[in-house]
Amino acid sequence: MRYFVAVAEERHFGRAAARLHISQPPLSRAIKRLEADVGALLLTRSPAGVTLTPVGSVLLDEARGLLDHADRVRERVSMAAGVASITVGILGDGTDPGVARLAAAFRRHHPGVDIRVRDTDLTDPTCGLRAGLVDVALTRAPFDETALTVRTLRSDPVGVVLRADDPLARRDGLRLAELSDRRWFQFPPETDPVWQSYWNGGSPREGPVVRAVQECLQAVLWNGTVGLAPLGHDLPAELALVPLTDMPPSRVVAVWNEGDTNPLIRSFIEIATSAYRH
């Protein structure tokens, strides 16, 4: 139902998949299964997008009500059981020592809280926060901060990822201008433009489209593509990370929806600030 509502509201499978942070094929399969269950066509597909059939319009109204009711049931059951929960979105490297310290400290402070973790790809730096899929995100800036509150936890210098046999890989440092003639990895078109611009060094680039860290590394390994990454992360022996001397640092941040007064989120932010300070 959630998948159907996303497609119906976006009027486009690609945009709906981006909103849900899944790939398009499983989304299409889910909608086909729903149509089979309902026994009627819900969406009319075309190259420009999709439109709702009369049956689809009826189901959309009902689906929104059902999902709202399901959310209320979940909240009431949790309250009755005395169980509080928080959903955390994590982008990129979940092995960051700061994440481990934060997880341990949060469990100590809130042993009865159900902590749900949503690991996301690189196409949404807010980890599903705008879509309501998480309560708080551990991610990297910069991105569009409209209606969001951002707390900087740490700043990391950035380097360029190259094949180890690339002549530039032997350098102690590089400038962005020295990479102007290279192909870079890129994110899909619907990706936050502020985020896209940062990881492309502030200039439009050409190169393969990627969604995940491993896809970025494989693009470098197989295609000789260059890309950026924070320093301090382990890479395969076939790759090298050379510091960029004129690149602003990458900020590790905690981000939540502006005006959200959930006390668990406030506690999470304070514990995160302390955990990343060490």
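Residues numbered from 1 in each chain as written. Predicted model: local features only at pLDDT ≥ 70, side-chain atom pairs only at ≥ 80, totals over all residues. Heavy atoms only, no water.

Visitor: Outline the packing of aromatic side chains, supporting the account with residue identities and numerical values.
Guide: On inspection of all chains with the given rule, the structure shows five aromatic pairs. Relative to Phe 187, the ring of Phe 185 lies with its centre 6.2 Å away and its plane at 45°, an arrangement referred to as tilted. This pair shows no difference in class: Phe 185 is buried, exactly as Phe 187 is. Consider the rings of Tyr 198 and Trp 199, whose centres lie 4.9 Å apart with planes at 90°: the pair is edge-to-face. Grouping residues by exposure puts Tyr 198 and Trp 199 together as buried. Here the aromatic cluster, defined as three or more aromatic residues joined through ring pairs, consists of Phe 185, Phe 187, Trp 195, Tyr 198 and Trp 199. (Phe/Tyr/Trp six-rings, centres within 6.5 Å; stacked < 30°, edge-to-face > 60°. Buried < 20%, exposed > 50% of the residue type's maximum accessible area, 1.4 Å probe, protein only.)

Visitor: A description of the state of the cysteines should follow, citing residues and the corresponding values.
Guide: Each disulfide is one covalent bond, formed between the sulfur atoms of two cysteines. On inspection of all chains with the given rule, the structure shows zero disulfides. Unpaired in terms of disulfides, Cys 127 finds its nearest cysteine sulfur in Cys 216, a separation of 15 Å. Of the residues examined, Cys 127 reaches a relative accessible area of 0% and is grouped as buried. Overall, Cys 216 belongs to the buried group, its relative accessible area being 8%. (Disulfide = S-S within 2.5 Å.)

Visitor: Please give an account of the pattern of salt bridges that cites residues and values.
Guide: On inspection of all chains with the given rule, the structure shows 14 salt bridges. Arg 163 serves as the salt-bridge partner of Asp 165, at 2.9 Å between the closest nitrogen and oxygen. Arg 163 gets classed as partly exposed once you look at its relative accessible area, which sits at 28%. Put simply, Asp 96, Arg 140, Arg 154 and Asp 156 are held in one network by salt bridges that share partners. (Salt bridge = Lys/Arg side-chain N within 4 Å of Asp/Glu carboxyl O.)

Visitor: So what's going on with the nonpolar core? Residues and values would help.
Guide: The biggest cluster of nonpolar side chains holds 34 residues, and the ones touching the most others in it are Val 160, Leu 162, Leu 174, Leu 228 and Leu 244. Setting aside anything within four residues of it in sequence, one finds Leu 228 in contact with Val 158, Gly 159, Val 160, Val 161, Trp 184, Phe 185, Tyr 198, Trp 199, Gly 201, Leu 244 and Met 247. Judged by nonpolar contacts, the second largest core, of 22 residues, contains Ala 105, Phe 106, Leu 138 and Ala 272. (Core = buried A, V, L, I, M, F, W, Y, C linked by side-chain atoms within 4.5 Å. Contact = heavy atoms within 4.5 Å.)

Treat this as a map of the structure, not an account of what it does.
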